[in-house]
Amino acid sequence: MTNSNAETPSLGKLRAFLFLPRNAWILTSTSALWSIGSAMANPYQTLYFAALGASDFDIGLLVAFGTGVTVLALLLGGYVADTWGRRRVIVIFSWVSVASALIYAAIDSPYLIVVPITIGSLASMYTPAFNAVMFDSIEPGDRIRGFSVFSAINTIPSIFTPTAGGLLMAHYGILHGVKVCYLASALFGAAGISTRQKLLGETFQVKAQQKKSFFSFVKESFVSGIDATRKSHKIVKQLLLYITLAGVGTGLTAPYASIYVVDHLKFNPIAYSFIVDLAGLTTVSLLLGVVFLIKRLGAKNGVLIASIAAPVSNVMFSQAKTMDELLEWGVTGAVGTAIQSPSLSTMQAEMIEQENRGKILAMFSILPALVSLPSQVVAGFLYSSVAPVVPFIAAVVPFTIAAIVLFRIKGSKED
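Residues numbered from 1 in each chain as written. Predicted model: local features only at pLDDT ≥ 70, side-chain atom pairs only at ≥ 80, totals over all residues. Heavy atoms only, no water.

What to know about the side chain of S151
Cut-off, in case you're wondering: Only DSSP runs of H or I covering at least 4 residues are called helices, and only runs of E covering at least 2 are called strands; the numbering of each starts at the N terminus. Note on classification: 1.4 Å probe, protein chains only; a residue is buried when its accessible area is under 20% of the maximum for its type, exposed when over 50%, partly exposed between these limits. Residues count as neighbours in contact if any of their non-hydrogen atoms are within 4.5 Å of one another.
Here S151 is to be found in helix 8 (residues 143-155). What makes S151 buried here is its relative accessible area of 8%. Setting aside chain neighbours within four positions, we find S151 in contact with L287 and S341.

Overview of the packing of helix 4 (residues 56-83) against helix 7 (residues 127-137)
Where we set the bar: Only the contacting stretch of a helix is used when fitting its axis, a line to C-alpha atoms as for every element, and angles between N-to-C directions run 0 to 180 degrees. Angular relationships are summarised with four words: roughly parallel below 35 degrees, roughly antiparallel beyond 145, roughly perpendicular across 65 to 115, and oblique for the angles in between. Note on residue classes: Ala, Val, Leu, Ile, Met, Phe, Trp, Tyr, Cys and Pro are nonpolar, Asp, Glu, Lys and Arg are charged, and everything else, Gly too, is polar.
In contact at an axis separation of 7 Å, helix 4 and helix 7 are set at 40° when each is read in the N-to-C sense. The angle between the axes of helix 4 and helix 7 places the two elements in the oblique class. Taken together, the residues of helix 7 that come into contact with helix 4 (itself represented by L74, G77, G78 and A81) are T127, P128 and A129. For the contact of helix 4 with helix 7, the residue count by class is four nonpolar, three polar and no charged.

A look at a nonpolar patch on the surface
Here is the rule we go by: The patches described consist of residues with a relative accessible area above 30% and no salt bridge, like charges being joined within 9 Å and nonpolar side chains (Val, Leu, Ile, Met, Phe, Trp, Tyr) within 5 Å. In short, Shrake-Rupley with a 1.4 Å probe defines the accessible areas, and a residue's cover is counted only from the protein chains shown. By definition, a salt bridge exists where a carboxyl oxygen of Asp or Glu is found within 4 Å of a side-chain nitrogen of Lys or Arg.
A grouping of F57, L61, F381 and V386 is seen on the molecular surface, where their side chains present a nonpolar patch of about 350 Å² in accessible area. Within the residue set of the nonpolar patch, elements represented by two or more residues are helix 4 and helix 17 (357-386). As for its position among the elements, F57 is in helix 4.

Remarks on the packing of aromatic side chains
Put simply, the test is: Aromatic rings from Phe, Tyr and Trp, with only the six-membered ring used for Trp, were paired whenever their centres fell within 6.5 Å, and each pair was classed as stacked if the ring planes differed by under 30 degrees, edge-to-face if by over 60, and tilted otherwise.
For the structure on display, the rule yields 12 aromatic pairs. Note on F135 and F147: the rings are 5.2 Å apart at their centroids and 65° apart in plane angle, and the pair reads as edge-to-face. Of this pair, F135 sits in helix 7 while F147 sits in helix 8, placing them 12 residues apart in sequence. Exposure class is identical for F135 and F147. Each is buried. Ring pairs connect the aromatic residues Y48, F49, Y104 and Y182, which therefore count as one cluster.

Structure below.
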């Protein structure tokens, strides 16, 4: 009896720490459920493309194509989030994403990869609405803790499910093992989205809109997004520049990390999955403890520290030859992710007014995607024609410039 009473205050503090408003919790929990399946497949997507028969250069082109479609989807998504309402966009295009996972599991030719890439990229239309609901739901003074909890819960599946993907590849081979992973992604996604559709509420009431042609809709999406960004606070523009430069670095590295480790460094998929798992564990552990550090340092300094981790991580990756060195790279990247996620989200929420959140948050996704498109093509050329390590070395430059941009951010919304 005494022991039970002693535990009650601790449990109360834990519940208070993990608390999220209803809509934010619905999005968080359903995303985490979906991630149980998607985290099995996502780390190995380009390995799957290679197993289907795509060449190294073709993989760069395919990823770049998907990025191009994503840019269009995000552009439209930012506009419809502020004109259709958040919930409608989230539900419809969450189902589109589930459909893309099913198609990934079904294809058997490199020529068919373009189909699920297109559908999955179009599903990105719900991203601005998703982020806007989170920003709408979490109170200003609680954003650092709230975004940390959201990121931690969503990252938990990446602690263990990438290893499940690695074991499936070891047992069935890369091709059929990843097919099973994509099927799991679709099944867990369907379970999560069914719950999301039933429980999610609207957070932003929009005015009635007159019907327009598709081209008029696209044009207005583009114009309104640019106009909202142009009128935004100086700090928002600086953050956009930072995230755009980081997008160049990400475009150079993301498509080939798994292929480099498995095909070039000759590590088996299970070893790579262990690195991904450790990074996920590190991220979750830090997200739950970094809240107090970020509150003390401030969101801007949190983003700045995270930005420094990116070039350091890339240098470590390009020099890595052993499992220990790869683990150090994974942990360094995880530290940056854990600090940046709540810090950047907090700065965005503070600086962007509610009526333009969908449009401006879309630009935070569009601009890095736009610059990563040519970067992915260049990465394919460098990886296949120069040397596999070159894209990772080249990425240090934009990541470093991005960190310098953050050093120049001063002031607050009131300035």
